[in-house]
Amino acid sequence: MPLTLAALVHHSALKLTVRAGGDHLDVPVRWAHVSELADPVPYMEGGELLLITALKLDAEDPEAMRRYVRRLAGAGVVGLGFAVGVNYDAIPEALVDAAREEGLPLLEVPRRTPFLAISKAVSAANAADQYRAVTAGFAAQRELTRQALSEGPEGLLAALAAQVAGWAALYDASGAVVAAAPEWAGRRAARLTADVERLRERPAPASSVVGGPSGEDRVELHSLGTGRRPRAALAVGTAAPLGTAERYAVHSAIALLTLVTERSRSLHAAEQRIGAAVLRLLLAGQPDHARAVAGDLYGALLDAPFRLILAEAASASAARAHADGHARVAPALQPAAALTGADTDGDPLDGLAETVESAAVRSGEAVLVVPDGERLAVLAVDGGAAVTACQEYALAVQAARTAAREQHTAASDENELVVGMSAPAGPIATAAAYKQAEQALSVARRRGRALVEHEELAAGSVLPLLADDAVRAFADGLLRALREHDATGRGDLVASLRAWLSRHGQWDAAAADLGVHRHTLRYRMRRVEEILGRSLDDPDVRMELWLALKTTSATGD
């Protein structure tokens, strides 16, 4: 404990006497300072015991003493020591009355006690207290390290909570509570998620102090991680501000948790190289070799149906939409530069990777996240937390994109994302799942959606897939000659062709729909063949004409 005025008064060698403010002696003394200035306040920091002889004070003037004492108390001075037998044989009553009125402790210092002795006593006591705090801090560090090595983050948090006589909680990169101690603290920590999210927006290392829920405690939040964006956060709740020993314990916990959550870059890079190798082997049709390479790290992922997910930033998708449509034989998997451990800085792929990995860690399931050129490739357990997190992330992106479009504002970088998800598959069908994810990604890109699952492609109509400028241009070109003919008023060939195709070439039914004789319809179909220079007996021609008609009708042409 820091030295208090009460302990100083009881110091047998100093012989101090309390003349006023005896009810306020339990305050700690930060330093003993000598000053004969009429106004020493500009040089005070608070917590000092001020020692004077009243050399330059009109100590017998009640009003002057009231102003003097009031200024000292307002500056945080904790006590006033007055040396008698120097300029005054006794402390003037004006000063005693002023100190009593203000509640400021006033100590009488005898002539035989030099101010230096008081300063030494305060300094020695504070040094001893600091030594005790440092010693306790090192002991706490050893205990926290032992718990971290033997019990992991949970044991470390329990030890930290005991050291600070409060509670502690660990948050992942998404702001969700990963662990808390004691157990009841999890509910309290969860209510601080918004504060943790705000802390994550600041460059690491960062910290903040917030009032606990319902004001029942004081909570310190600290970011964890060595990058610009924190990988996790630590919350420490206490009833009062932390002391020196408790501060040492918190700093030790921050260092240890950073090591636990961040891990070494070499280990992370090695895991990513393993993940890339596993996915490459699966795509090459070698599931047994992939399982051998996966080991315990990714082996559980291959024991149940999984989903293969491909994601692109919208800018990359736009560029890819103008490139050739040839499928790639093998993906350019790149295990370098960990997306899964990098700073997101608004990158939508990093944000998705962080979200998926955090969900997998919380649920204890394996997930494989690998950069794939300008894409992100993810292998996640079907129906698991990672897949659900991916779907929810994409829904949030879609909602933000829609809101930005409605408000006529530009979408932020985080909202520029397209995702394609395969149907559930096993290791032997990974190549097919990759192709499904590519197909779904292509459809998401064309439809302007954040996420398309492959199951959606087999449901509903094929017509939305034709909503492409190139398809519409083809349809317009194919039907242009017929429309130009109809524009002259020489017959309704487009409507007649649509009716005939919709009736599968049945003359009577199609003629009835049009309200014309079947011979008239036959004549019109011959004109269609003559104008287009193509035979309607060719099923490919009929198919192209039907799709052209459906495409133009869907766009209102």
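Residues numbered from 1 in each chain as written. Predicted model: local features only at pLDDT ≥ 70, side-chain atom pairs only at ≥ 80, totals over all residues. Heavy atoms only, no water.

### Section: the overall build of the chain
Phase 1 of the analysis: Of regular secondary structure, the chain possesses 19 helices and 15 strands.
Phase 2 of the analysis: Counting only residues that meet the buried cut, the chain has 46% of its 557 residues in that class.
Phase 3 of the analysis: Counting contacts in the chain only where the partners sit at least 6 residues apart, residues at least 24 apart contribute 63% of the total. (Helix = DSSP H or I, 4+ residues; strand = E, 2+ residues; numbered from the N terminus. Buried < 20%, exposed > 50% of the residue type's maximum accessible area, 1.4 Å probe, protein only. Contact = heavy atoms within 4.5 Å.)

### Focus on the packing of aromatic side chains
Phase 1 of the analysis: Tallying each qualifying case throughout the model produces two aromatic pairs.
Phase 2 of the analysis: Taken together, a centroid distance of 6.1 Å and an interplanar angle of 55 degrees make the contact between phenylalanine 82 and tyrosine 88 tilted. Taken as a pair, phenylalanine 82 and tyrosine 88 share a single burial class, namely buried.
Phase 3 of the analysis: A ring pair is formed by tryptophan 500 and tryptophan 507, whose centres lie 5.5 Å apart and whose planes are at 40 degrees; its orientation type is tilted.
Phase 4 of the analysis: Accessibility expressed as a relative area gives 8% for tryptophan 500, which makes it buried.
Phase 5 of the analysis: Relative accessible area serves as the criterion here: at 22%, tryptophan 507 is assigned to the partly exposed category. (Phe/Tyr/Trp six-rings, centres within 6.5 Å; stacked < 30°, edge-to-face > 60°.)

### Thoughts on unusual backbone geometry
Phase 1 of the analysis: Here the amide bond leading from alanine 181 into proline 182 is cis, since omega sits at -10 degrees, within 30 degrees of zero.
Phase 2 of the analysis: Mapped onto the fold, proline 182 is located in the loop between strand E7 (177–181) and helix H5 (185–190).
Phase 3 of the analysis: Positive phi, normally seen in glycine, also occurs at alanine 54, with a value near 65 degrees.
Phase 4 of the analysis: Following the sequence through the fold, alanine 54 ends up in the loop between strand E3 (48–52) and helix H2 (62–74).
Phase 5 of the analysis: One non-glycine residue, histidine 504, lies in the positive phi region at around 55 degrees.
Phase 6 of the analysis: Within the secondary structure, histidine 504 is located in the loop between helix H16 (493–502) and helix H17 (507–514).

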